[in-house]
Amino acid sequence: MKIVEHLANSDETIISFEIIPPRRGSDITGVRNTVSRLANYKPPFIDVTSHAAEAVYEETKNGIERKVRRKRPGTLGICSMIKERFNIEPVPHVLCKGFSKEETENFLIDLNYSEIDNILALRGDDPGFIRPIENGKTVNEYAINLVEQIKSLNKGLYLDSSLLNAEGTDFCIGVAGYPEKHFQAPNLMTDIRRTKEKVDAGADYIVTQMFFDNRHYFKYVDTCRQAGINVPIIPGIKVLTSKEQLKSLPSMFHIDIPLELTELVMDSKEEKLIEAGVKWTYAQVEELLKRDVPCVHFYVMLDSSPVEEVLGMLGF
Ligand code: FAD
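Residues numbered from 1 in each chain as written. Predicted model: local features only at pLDDT ≥ 70, side-chain atom pairs only at ≥ 80, totals over all residues. Heavy atoms only, no water.

(A) Quick peek at the nonpolar core. Residues Phe17, Ile19 and Phe298 are the most contacted members of the largest nonpolar core, which totals 53 residues. Element by element, the count of residues in this core is highest for helix 7 (residues 214–226), at five residues. In contact with Ile19, other than residues within four places in its own chain, are Val31, Thr34, Val35, Leu38, Ile46, Asp47, Val48, Thr49, Ile78, Ile82, Val300 and Met301. By size, the runner-up hydrophobic cluster in this structure holds 29 residues, among which are Phe45, Leu95, Leu246 and Val265. (Core = buried A, V, L, I, M, F, W, Y, C linked by side-chain atoms within 4.5 Å. Buried < 20%, exposed > 50% of the residue type's maximum accessible area, 1.4 Å probe, protein only. Helix = DSSP H or I, 4+ residues; strand = E, 2+ residues; numbered from the N terminus. Contact = heavy atoms within 4.5 Å.)

Okay, structure coming up:
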């Protein structure tokens, strides 16, 4: 079932989750256990992130060696597990960066045959190396180009234009939005116009980058509506669980951590840290629920316990 149908059919705010595949070489047990715990909250959908190959540098006895590795494969396998074993809609993330359009088309066909109905279409970030593109192959530069490719496939238009009367897919498409602006956009308004282009190209809903101050989200939704974006805008929420994240989250995701939360975390003893993060998220989600947001999307990644604590406090 499509995410937009889940949203339209529910009178209450939906709860959804996002998980990350384990590192290459790990088994699936940890992820399966996480999904099993999350399944207790009856989420209509769970997102699974996607990771392109990236350049890594390793110190060896011959000096520093540069290797190109895909650290976290397995998005499709985990999605199939979520669907088949738990009967929950999986939402695989599909990337532009690191993949040719031809590889993407093959992946979309795999998703279609796995009866996966939803996709979050993303550009991805610079993988730190230049992958030569074989003669005749093409790439999607921005998420909008990927949305266009998926929409074309939905109409039965494959890259090989000689395929006539080909079977179309029927994917529901989500895209990313940034209440505090995407880091490469010159300003928030230009970024919102780019997001509108993704919606005009066929995106059905938006999931936001994490934020720790709800005012960013409410203002973002208002500005998007004024700019003519009318699709659901799902807030993405993360529980802050370590002092280290006061540095790592702003540098990785280009977001602000409010002074009050920063002070709360800095002043907390190590054993009280998670409690501080959980309380903050509880207050954030409580306000979002009061404002009847369509869905609260929790960035769980590998460890579901902080999110479960928040849901427990909220009475889920
Ligand atoms: P785009 O929408 O293409 O935008 C990227 C930048 O280009 C923006 O600054 C935009 O304003 C600008 N832009 C857009 N179109 C144009 C144009 N035509 N001309 C010029 N500028 C343009 N990354 C992963 O690798 N794997 C994941 O699983 C993953 N999941 C994510 C889930 C969510 C909910 C979010 C919010 C992000 C996720 N990311 C993931 C991170 C994402 O890949 C990065 O933030 C990336 O830098 C941008 O992706 P995008 O799809 O927003 O790009």
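(B) Region of interest: the pairing of strand 2 (residues 45–48). Of the two faces of strand 2, the one carrying Phe45 and Asp47 and the one carrying Ile46 and Val48 are both buried. Summarising the sheet, strand 1 (residues 14–19) and strand 2 pair through three bridges and their orientation is parallel. Considered in strand 2, the bridge of Phe17 is made with Ile46. By the bridge criterion, four bridges tie strand 2 to strand 5 (residues 89–95) in an arrangement that is parallel. When the sheet's bridge partners are listed, Asp47 is paired in strand 5 with Val91. (Pairing = 2+ DSSP bridges.)

(C) Summary view of the layout of surface pockets. Taken as a whole, the second largest pocket spans an internal volume of roughly 270 Å³. Forming the walls of the second largest pocket are 14 residues, and the residues nearest its centre are Cys96, Lys97, Gly98, Pro127 and Val139. Looking at the lining of the second largest pocket residue by residue, the class counts come to seven nonpolar, three polar and four charged. (1 Å grid on protein atoms, 1.4 Å probe; cavity = no way out; pocket = protein on both sides within 12 Å on 5 of 7 lines; lining within 4 Å. Points joined across faces, edges and corners; volume = space filled by probe spheres on them. Nonpolar A, V, L, I, M, F, W, Y, C, P; charged D, E, K, R; others polar.)

(D) Looking closely at the side chain of His93. Position of His93 among the secondary structure elements: in strand 5. In this structure, His93 is in contact with Glu18, Asp47, Val48, Thr49, Ser50, Thr75, Leu120 and Leu122, ignoring residues within four places of it in sequence.

(E) Representation of the sheet that holds strand 6 (residues 118–122) in the model. The strand order 1-2-5-6-7-8-9-10 describes a closed barrel built from eight strands, whose pairing is parallel. Put simply, the sheet's adjacent strands are angled 30 degrees from each other on average, direction ignored. The strands touched by helix 2 (residues 29–39) are strand 1, strand 2 and strand 10 (295–301); relative to strand 1, the strand with the most contacts, the crossing angle is about 175 degrees. Where helix 11 (residues 305–313) meets the sheet, its contacts fall on strand 1 and strand 10, and the angle it forms with strand 10 comes to roughly 150 degrees. (Axes fitted to C-alpha atoms, helices over the stretch in contact; angles between N-to-C directions.)

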